[in-house]
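Geometric and topological summary
What follows is each chain in one-letter form.
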Amino acid sequence: MIDHTHAATASSWVPGADAHTDFPIQNLPLGIFSPGDGVRRLGVAIGDHILDLAAVAQHFPAETVALVVGQQTLNPLFSAPSALRVALRHAIFGLLSDGAFQPSVAPSLHKAADCVVHMPMAVRDYTDFYAGIHHARSVGSLLRPDNPLLPNYKYIPVGYHGRASSIRPTGTAVVRPNGQIRPKHDEAPAVGPTMRLDYEVEIGLWAAGQSELGKPIPISEAAQHIGGLCLLNDWSARDIQAWEYQPLGPFLGKNFATTISPWVITTEALAPFRTGLASRSEGDPAPLPYLDDAEDAANGLFNVFIEVAILSPAMKARGDRPHVVGRTYLRHLYWTPAQMVAHHTINGCDLAAGDLLGTGTISGPGKSSRGSLMELTLGGKCTFELPCGGKRTFLEDGDEVVLTGYAETGNYRRIGFGTCRAEIQPAPKI
């Protein structure tokens, strides 16, 4: 899948694109945007600009035009065979790299700062996994010190069915949720705003194609059903969650908001950054046959770095940059995206473009690589400091959480994911 569009020497005539740390011509992420007229349309981020794809569709292969022109989501494009997305990627690359096209294509470029970005797809369904073993072990040790990982963890890519309707793109405020909270084990619960609002550093996996209800996707074909990645923050109200999660699992503590970065970083763009799973620890069970594939074990992950930072109101007033509180890598997952897809569909559940899968919180083995405040503060027992003298255990009103990420390896150009950010607003009165 590595071709001329990944060459580190490839260059674009778009001003600033070659020096852009997120969106050089090797990336070409897909999304939905609206310029001044407010009409949503398909676009590609290139440097600090967005190319309106419908406006230049006369240059695209005929079989891809209907997937672009008149569309307001990426669902049709990601429902189509992957070969058509590759053909479209090649055509866009040619337009933005060959200076001969500049006179005709440049008028269809919009400054990103003047545009609004929207949800890239109409989310058909949402599943959140728990594939980060360091996070699972850290949180488990807080709840069950003698048995951090439950017996099923190393056999099953554990997940739960999330809420699709509350997924929003970067920049959408998150309202602090209300819910039932039990302050102490011997007290009755009360209703009020969460006091333990947390972020979760995740990667979102956008499904592609369409599987058939009742027909599992084999592990050897599962990677083909992942069309692209994004940054994902699956917010958590830890105190609400702690009271409600037994016996059925997450509900109000999780369904109030999920924030994603708006650009779909295609698996085609990420081809040079594939990497393998870490070796399983001695004594770990081998994956069951439907989850076991040698190629997936060797190349089923991507070398993606993720950083999470917090910007408090006081920092914002002073003009400070967000303060980094965690750095981690996608390779810390225990399960690959293909294994998640294979397990998701082993019972016959169908998967289609517009389905979004969250990896679960991605933490590393050290304190600096923790992907949630639950881990960083040991469940609220410790505090950490922000600039301006602020201390935190969990998030306060006015705090803004910012996720950034990029893929980098070897002799290829770094490609970025953009930002996934949201500010916390006060809970409504009840």
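First things first, this report covers the structure right here in the doc. (Residues numbered from 1 in each chain as written. Predicted model: local features only at pLDDT ≥ 70, side-chain atom pairs only at ≥ 80, totals over all residues. Heavy atoms only, no water.)

Some thoughts on the overall build of the chain
- Scanning the chain for helices and strands turns up 11 helices and 26 strands.
- Expected size for 430 residues packed as a compact globule is a radius of gyration near 22 Å; at 22 Å, the chain falls within 12% of this value.
- Expressed as a percentage of contacts within the chain between residues at least 6 apart in sequence, the contacts between residues at least 24 apart total 74%.
- Total accessible area on the chain is roughly 18100 Å²; 54% of this is exposed by carbon and sulfur atoms.
- Considering the chain, the positive charge centre built from 34 side chains and the negative charge centre built from 41 side chains are found 6 Å apart. (Helix = DSSP H or I, 4+ residues; strand = E, 2+ residues; numbered from the N terminus. Rg over C-alpha atoms; globule rule 2.2 N^0.38 Å. Contact = heavy atoms within 4.5 Å. Areas by Shrake-Rupley, 256 points an atom, 1.4 Å probe, with all protein chains shown as cover. Lys, Arg positive; Asp, Glu negative; His and termini not counted. Charge placed at Lys NZ, Arg CZ, Asp CG, Glu CD.)

Notes on the side chain of T359
- Examined against the element boundaries, T359 turns out to sit in the loop between β22 (355-358) and α11 (373-376).
- Classification of T359 by relative accessible area gives buried; the value is 1%.
- Look past the residues within four positions of T359 in its chain and what remains in contact with it is D128, F129, Y130, A131, G132, E202, I203, L205, L330, L333 and M340. (Buried < 20%, exposed > 50% of the residue type's maximum accessible area, 1.4 Å probe, protein only.)

Description of the packing of aromatic side chains
- Going through the model one piece at a time under the given rule, you end up with 6 aromatic pairs.
- Judged by centre distance (6.3 Å) and plane angle (65 degrees), the rings of F23 and W263 are edge-to-face. Of this pair, F23 sits in the segment before β1 (30-34) while W263 sits in the loop between β16 (258-260) and β17 (265-266); the two residues are 240 residues apart in sequence, bridging distant segments of the chain. Accessibility assignment for this pair places F23 and W263 in one class, buried.
- Ring centres 6.0 Å apart and planes at 80 degrees place the aromatic pair Y130 and Y153 in the edge-to-face group. Here Y130 is found in the loop between β6 (125-129) and α5 (133-143), whereas its partner Y153 is found in the loop between α5 and β7 (159-161), with 23 residues between them in sequence.
- On the basis of relative accessible area, Y130 is assigned to the partly exposed category, the value being 30%.
- The buried category is assigned to Y153, whose relative accessible area is 3%.
- Chaining the aromatic ring pairs together yields one cluster made of Y130, Y153, Y334 and W335.
- A cation over an aromatic ring shows up here: R280 above the ring of W335, its NZ or CZ 4.8 Å from the ring centre.
- The ring centre of Y329 lies 4.0 Å from the NZ or CZ of R331, which sits over that ring. (Phe/Tyr/Trp six-rings, centres within 6.5 Å; stacked < 30°, edge-to-face > 60°. Lys NZ or Arg CZ within 6 Å of the ring centre and 35° of its normal.)

Focus on the sheet that holds strand β2 (residues 41-46)
- Ordered by their spatial adjacency, 5 strands build an open sheet running β4-β3-β2-β1-β5, and the pairing between neighbours is antiparallel. Across the chains shown, the open sheet's two edge strands, defined by having one partner strand only, are β4 (109-111) and β5 (116-118). On average, each strand axis in the sheet is tilted by 45 degrees relative to the strand beside it, whichever way the strands run.
- In this structure, strand β3 (residues 49-52) lies alongside β4, joined through 3 bridges in antiparallel fashion. Looking across to β4, one finds that H49 is bridged to K111. (Pairing = 2+ DSSP bridges. Axes fitted to C-alpha atoms, helices over the stretch in contact; angles between N-to-C directions.)

Observations regarding the sheet that holds strand β20 (residues 304-311)
- Strand order in this open sheet of 5 strands is β9-β26-β25-β20-β21, and the pairing throughout is mixed. Looking at which strands have only one partner, the edges of the open sheet turn out to be β9 (174-175) and β21 (323-329).
- In terms of strand pairing, β20 meets strand β25 (residues 400-407) through 8 bridges, oriented antiparallel. Residue pairing across strands places A309 opposite V402, the latter belonging to β25.

Side note on helix α3 (residues 82-97)
- Counted at 1.5 Å a residue, the expected span for α3 with its 16 residues is 22 Å, and the 22 Å between its end C-alpha atoms agrees.
- Among all positions of α3, only L84, R85, L88, R89, A91, I92, F93, L95 and L96 are buried. (Expected span 1.5 Å × (residues − 1).)

Details of the nonpolar core
- Judged by nonpolar contacts, the single largest core of 72 residues is most densely connected at Y199, I203, L229 and W235.
- Contact partners of Y199, with chain neighbours within four places excluded, come to N233, W235, R238, V308, I310, V325, G371, S372, L373, L395 and V401.
- Ranked by size, the runner-up nonpolar core spans 43 residues in total, among them L74, I92, V264 and L356. (Core = buried A, V, L, I, M, F, W, Y, C linked by side-chain atoms within 4.5 Å.)

Observations regarding the pattern of salt bridges
- In total, this model carries 18 salt bridges according to the counting rule given.
- Put simply, E396 and R392 hold a salt bridge, and the shortest N to O gap is 3.6 Å.
- Here E396 falls in the partly exposed class, since its relative accessible area comes to 39%.
- Three or more residues are tied together by salt bridges with common partners; here these are D198, E200, D234, R238 and K254. (Salt bridge = Lys/Arg side-chain N within 4 Å of Asp/Glu carboxyl O.)

Focus: unusual backbone geometry
- With an omega of 10 degrees, the peptide bond between Q246 and P247 qualifies as cis.
- Following the sequence through the fold, P247 ends up in the loop between α7 (238-244) and β16.
- With a phi close to 55 degrees, L28 is a non-glycine residue in the positive phi region.
- As for its position among the elements, L28 is in the segment before β1.
- The backbone phi angle of L378 is positive, close to 55 degrees, even though this residue is not glycine.
- Considering the arrangement of structural elements, one finds L378 in the loop between α11 and β23 (384-385).
- Using a relative accessible area of 36% as the deciding quantity, one classes L378 as partly exposed.

Some details on the environment of L150
- Within the secondary structure, L150 sits in the loop between α5 and β7.
- L150 gets classed as partly exposed once you look at its relative accessible area, which sits at 42%.
- Sequence separation between L150 and R137 is 13 residues, and the spatial gap between their C-alpha atoms is 9.3 Å.

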